[in-house]
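Architecture at a glance
Spelled out from the first residue to the last, the chains are:
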Amino acid sequence: MVATPNRHHADLGVALLEAGVHVLVEKPIAATVADAQRMIDAAKANDRVLMVGQVERFNPAVEAVKRAIDGEDVISIQITRVGPFPPRMGEVGVVIDLAVHDIDIIRHLTESEIVEVQPQLARTKADREDTALLQFRLANGTIAHITTNWVTPYKVRTLQVATANKFVVADLMTRQVTEYFGQQPDGSYSTRGVMSWPAEPLKKELEAFAHAIRTGEPPAVTGEDGLRNLEVALRCLGEG
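About the thresholds
- Residues numbered from 1 in each chain as written.
- Predicted model: local features only at pLDDT ≥ 70, side-chain atom pairs only at ≥ 80, totals over all residues.
- Heavy atoms only, no water.
- Core = buried A, V, L, I, M, F, W, Y, C linked by side-chain atoms within 4.5 Å.
- Buried < 20%, exposed > 50% of the residue type's maximum accessible area, 1.4 Å probe, protein only.
- Helix = DSSP H or I, 4+ residues; strand = E, 2+ residues; numbered from the N terminus.
- Contact = heavy atoms within 4.5 Å.
- Polar contact = N/O pair within 3.5 Å; in protein donor to acceptor, adjacent residues only side chain to side chain.
- Axes fitted to C-alpha atoms, helices over the stretch in contact; angles between N-to-C directions.
- Parallel < 35°, antiparallel > 145°, perpendicular 65-115°, else oblique.
- Left-handed = near helix turned anticlockwise from the far one by under 90°.
- Expected span 1.5 Å × (residues − 1).
- Bend = angle between axes of the 7 residues up to and from the residue.

Re the nonpolar core
Among the nonpolar cores identified, the biggest contains 66 residues, and Ile-29, Val-65, Ile-77, Ile-106, Leu-109, Phe-136 and Leu-159 are the most heavily contacted of them. Ranked by residue count, the leading element in this core is helix 4 (residues 94–110), at 10 residues. If sequence neighbours within four positions are ignored, Leu-109 has contacts with Val-62, Val-65, Lys-66, Ile-69, Ile-77, Leu-159 and Val-161.

Quick look at the structure:
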């Protein structure tokens with residue numbers, strides 16, 4: 001597992017892959033697209049597993065939302081990921097540290113790629129952007145919005161998905177998921193809770209990594225997934 005500052009991911013990852021070691025690298029996959037591609041190429045050349053640690057993929061609430069919208073026409077996705085400034089941060093802003101999680105969730109839920117990016121960034125208390133409002137359009141027509149910052153005094157992690165037939169709301173911290181459906185002429189809805197089975201996302205992520213190694217199947221989050229997520233994040237920063 002490579003869990004160093006982003007700028008070291010590629011050199012360490014490539015060295016490990018070339019030494020015949022399977023690699024699970026924390027998100028984002030690397031600091032640059034070129035570095036990400038180097039890691040992907042090294043994994044292929046050495047027939048090793050390269051998996052990216054997008055841990056929210058394994059959050060039971062995200063999995064429950066994915067099940068709830070299966071077969072539905074997704075209209076829009078709204079994600080809020082805010083909280084206080086983390087003292088450990090120094091090299092990156094909220095887009096790389098936080099929004100990369102949500103870029104991956106959006107791609108995962110829609111199984112489509114982000115084709116349009118409209119970012120609004122602000123720097124208030126940090127050297128890098130600490131507030132971001134990010135709007136996206138996906139190839140399948142879905143629109144998405146991410147609100148993320150380090151200026152809210154308490155943590156919020158919410159996911160809302162609107163489809164043609166239902167509206168699904170998830171709290172990614174409490175893992176409570178609610179589905180609204182069956183709108184009536186008077187505007188009322190029916191509601192039901194969606195089962196979110198207890199699980200530790202990091203453990204599930206590690207199990208998925210081990211499964212890919214044992215079976216030779218593609219990992220749950222591929223190097224290419226990591227590359228796509230990084231590309232979108234860099235476009236939001238005007239660096240793509």
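Points about the side chain of Arg-107
Within the fold, Arg-107 resides in helix 4. A distance of 3.0 Å separates a polar atom in the side chain of Arg-107 from a polar atom in the side chain of Asn-229. Ignoring anything within four residues of it in the chain, the contact list for Arg-107 reads Arg-57, Ser-112, Glu-113, Ile-114, Asp-225, Arg-228 and Asn-229.

Some points on the side chain of His-145
Mapped onto the elements of the fold, His-145 is located in strand 6 (residues 143–149). Within the structure, the side chain of His-145 is placed 3.2 Å from the side chain of Thr-147, a separation counted as a polar contact. For His-145, the contacting residues outside a window of four places in its chain are Ile-77, Gln-78, Ile-79, Leu-133, Leu-134 and Gln-135.

Observations regarding the environment of Asp-97
The topology assignment puts Asp-97 in helix 4. In this structure the C-alpha to C-alpha distance between Asp-97 and Thr-148, which are 51 residues apart in sequence, comes to 10.0 Å.

So, the environment of Ala-45
Relative to the helices and strands, Ala-45 resides in helix 2 (residues 33–45). Judged by relative accessible area, which is 65%, Ala-45 ranks as exposed. Considered as a pair, Ala-45 and Leu-17 are 28 residues apart in the sequence and their alpha carbons are 8.9 Å apart.

Structural notes on unusual backbone geometry
In this structure, Pro-28 follows Lys-27 across a cis peptide bond, with omega equal to -15°. Locating Pro-28 in the fold gives a position in the loop between strand 1 (23–26) and helix 2. You will see that Asp-47, though not glycine, has its phi angle at about 50°, which is positive. Judged by its relative accessible area of 62%, Asp-47 is exposed. Residue Glu-111 is not a glycine yet carries a positive backbone phi of 55°. Counting through the fold element by element, Glu-111 comes out in the loop between helix 4 and strand 4 (114–122). For Glu-111, a relative accessible area of 67% corresponds to the exposed category.

A short note on the packing of helix 4 against helix 6 (residues 223–236)
Where helix 4 meets helix 6, the closest approach of the two axes is 9 Å, and the angle between their N-to-C directions is 125°. Between helix 4 and helix 6, the angle falls in the class oblique. The hand of the helix 4/helix 6 crossing is right-handed. Across from Val-95, Ile-96, Val-100, Ile-103, Asp-104 and Arg-107 in helix 4, the residues of helix 6 making contact are Asp-225, Arg-228, Asn-229, Leu-230, Val-232, Ala-233 and Cys-236.

Some words on helix 4
The end-to-end C-alpha separation of helix 4 is 23 Å, in line with the 24 Å expected for 17 residues at 1.5 Å each. Largest kink in helix 4: about 40°, centred on Val-100. Here helix 4 lies mainly inside the structure; 17 of its 17 residues are buried. Directly beyond the C-terminal end of helix 4, a positive phi value near 55° is found at Glu-111.

Just distances and angles here, no functional claims.
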